[in-house]
Protein chains: 2
Amino acid sequence: MLTRIDHIGIACFDLDRTVEFYRATYGFEVFHTEVNEEQGVREAMLRINGTDDGGASYLQLLEPIREDSAVAKWLAKNGEGVHHIAFGTADVDGEAEAIREKGVRVLYEEPRIGSMGSRITFLHPKDCHGVLTELVTSAPSRH
Amino acid sequence: MLTRIDHIGIACFDLDRTVEFYRATYGFEVFHTEVNEEQGVREAMLRINGTDDGGASYLQLLEPIREDSAVAKWLAKNGEGVHHIAFGTADVDGEAEAIREKGVRVLYEEPRIGSMGSRITFLHPKDCHGVLTELVTSAPSRH
């Protein structure tokens, strides 16, 4: 079961400037930052609200750190904007498998490590009406 | 103060097929449907979770009903995908005014009527790092 909007992933050219835009315009503060070498991004998580499944919803601001990363290629094609959306679940493995059996392409054979120690996978946007869709199980201690 | 991710607006060519995709793939059910003649769309709201400000987060699926609507033009250019994101606030008028004073273009002079009797306005995506951003104050009775 998918129980929350976990985050909205937003691709940007300059993470520091984009963080400052969200702080100055809306008052959103940085909750967490990290570099994900595998994904080729550095990122900032802005926590927007808590959710009734015990989790939270974030904006995830993403800046590529390599020109061959998926986010860099996406930015070169599309410019800045919403890159993906993510639903939270207690069981990313089971959800991914159930969705795969429905004929939706799941991009990873097994979930990988995402923000804040979460486990994540992605669904092919062409199978999801144009929306790159992520499934997330948070690390136990984080919200 | 913006206190939640209110919804993610997703533009689609065929609302019924897209609703069915979200139901069959994730189990998300339709919470509300309506036609917004002014915006030139028909829409379905899928409630995903409650939020700790007493509101909720939704997916808003949007199909244009007129070729000259903003969503129809957006779809013709971009294909299906995430059209906008929306933050919930108790005071859309005050937030819009404060953000306008910071130099971000607010697209409506005064908030207009959005989904489920809410009051909404939009911020220019070019002033928001490529993200068409909506501000929403829900009608008192709805979540």
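Residues numbered from 1 in each chain as written. Chains lettered and ligands numbered in written order. Predicted model: local features only at pLDDT ≥ 70, side-chain atom pairs only at ≥ 80, totals over all residues. Heavy atoms only, no water.

Peer 1: What should I look at first to understand the UniProt feature "domain: VOC" (unreviewed entry) in chain A in this one?
Peer 2: As annotated by UniProt and renumbered to match this structure, "domain: VOC" (unreviewed entry) occupies residues 4-138 of chain A. Measuring from the first to the last C-alpha atom of residues 4-138 of chain A gives 11 Å, for a span that is 23% helix and 41% strand. (UniProt positions renumbered as here; feature names shortened; annotations may be inferred. Helix = DSSP H or I, 4+ residues; strand = E, 2+ residues; numbered from the N terminus.)

Peer 1: Where do I start with the interface of chain A and chain B in this structure?
Peer 2: By convention, interface size is frequently given as the accessible area that disappears when the constituent parts associate. Residue-level contacts link 38 residues of chain A with 38 residues of chain B. Summing both sides of the interface, chain A and chain B together bury roughly 3,100 Å²; the carbon and sulfur share of this comes to 67%. Sorting the residues of chain A by area buried against chain B places I5, Y26 and H129 of chain A first, and these three jointly supply 22% of that buried surface. Linking chain A with chain B are 0 salt bridges. Our enumeration of links across chain A and chain B arrives at 12 residue pairs in polar contact (both at pLDDT 80 or more). Mapped by element, the contributors of at least two residues to the side of chain A that touches chain B are β1 (2-11), α1 (15-26), β3 (41-50), β4 (56-64) and β5 (81-89) of chain A. Sort the elements by how many residues they give to the side of chain A that touches chain B and α1 of chain A lands first, with 7 residues. Partitioning the side of chain A that touches chain B into residue classes produces 20 nonpolar, 11 polar and 7 charged. (Contact = heavy atoms within 4.5 Å. Buried area = accessible area lost by both parts, 1.4 Å probe. Salt bridge = Lys/Arg side-chain N within 4 Å of Asp/Glu carboxyl O. Polar contact = N/O pair within 3.5 Å; in protein donor to acceptor, adjacent residues only side chain to side chain. Nonpolar A, V, L, I, M, F, W, Y, C, P; charged D, E, K, R; others polar.)

Peer 1: Explain unusual backbone geometry to me, please; I cannot follow it from the model alone.
Peer 2: Excluding glycine, residues mostly carry a negative phi; peptide bonds, for their part, are mostly trans. In this structure, M116 of chain A is a non-glycine residue whose phi angle is positive, near 55°. Tracing the backbone through its elements, the reader meets M116 of chain A in the loop between β6 (112-113) and β7 (119-123). With phi around 50°, H129 of chain B is a residue other than glycine that occupies positive phi space. Structurally, H129 of chain B is set in the loop between β7 (119-123) and β8 (133-137). A relative accessible area of 17% places H129 of chain B in the buried class. (Buried < 20%, exposed > 50% of the residue type's maximum accessible area, 1.4 Å probe, protein only.)

Peer 1: Help me understand the sheet that holds β4 of chain A in this model?
Peer 2: Within a sheet, neighbouring strands are paired by backbone hydrogen bonds and run either parallel or antiparallel to one another. Residues and elements named next belong to chain A. The sheet built from 8 strands is open, its strands ordered β2-β3-β4-β1-β5-β8-β7-β6 with mixed pairing. Each of the sheet's edge strands pairs with one partner strand only, and the pair in question is β2 (30-36) and β6. Where β1 lies against β5, 8 bridges are found, and the strand directions are antiparallel. Residue pairing in the sheet places G9 in a bridge with H84 of β5. (Pairing = 2+ DSSP bridges.)

Peer 1: Explain the nonpolar core here, please?
Peer 2: For soluble globular proteins, the rule of thumb is that nonpolar side chains tend to be buried together. Counting residues in hydrophobic clusters, the biggest one holds 56 residues, and the most contacted among them are Y22, Y26 and L59 of chain A together with Y22, Y26 and L59 of chain B. Setting aside anything within four residues of it in sequence, one finds Y26 of chain A in contact with F21 of chain A together with L2, F87, I99, L123, C128 and T133 of chain B. (Core = buried A, V, L, I, M, F, W, Y, C linked by side-chain atoms within 4.5 Å.)

Peer 1: What is the right way to look at the relation of the copies chain A and chain B in this model?
Peer 2: Mapping one chain copy onto the other needs a rotation about an axis and a shift along that axis. Superposing chain A onto chain B takes a rotation of 180° combined with a translation of 0.0 Å along the rotation axis, leaving an RMSD of 0.0 Å. Both chain copies can therefore be described as sitting about a two-fold axis. Ranked by how close their C-alpha atoms come to the rotation axis, the residues of chain A are headed by T51 of chain A, at 2.3 Å. Mapped onto chain B, 100% of the interface residues of chain A are again interface residues, and the two copies thus contact each other with one and the same surface. (Least-squares fit on C-alpha atoms with pLDDT ≥ 70 in both.)

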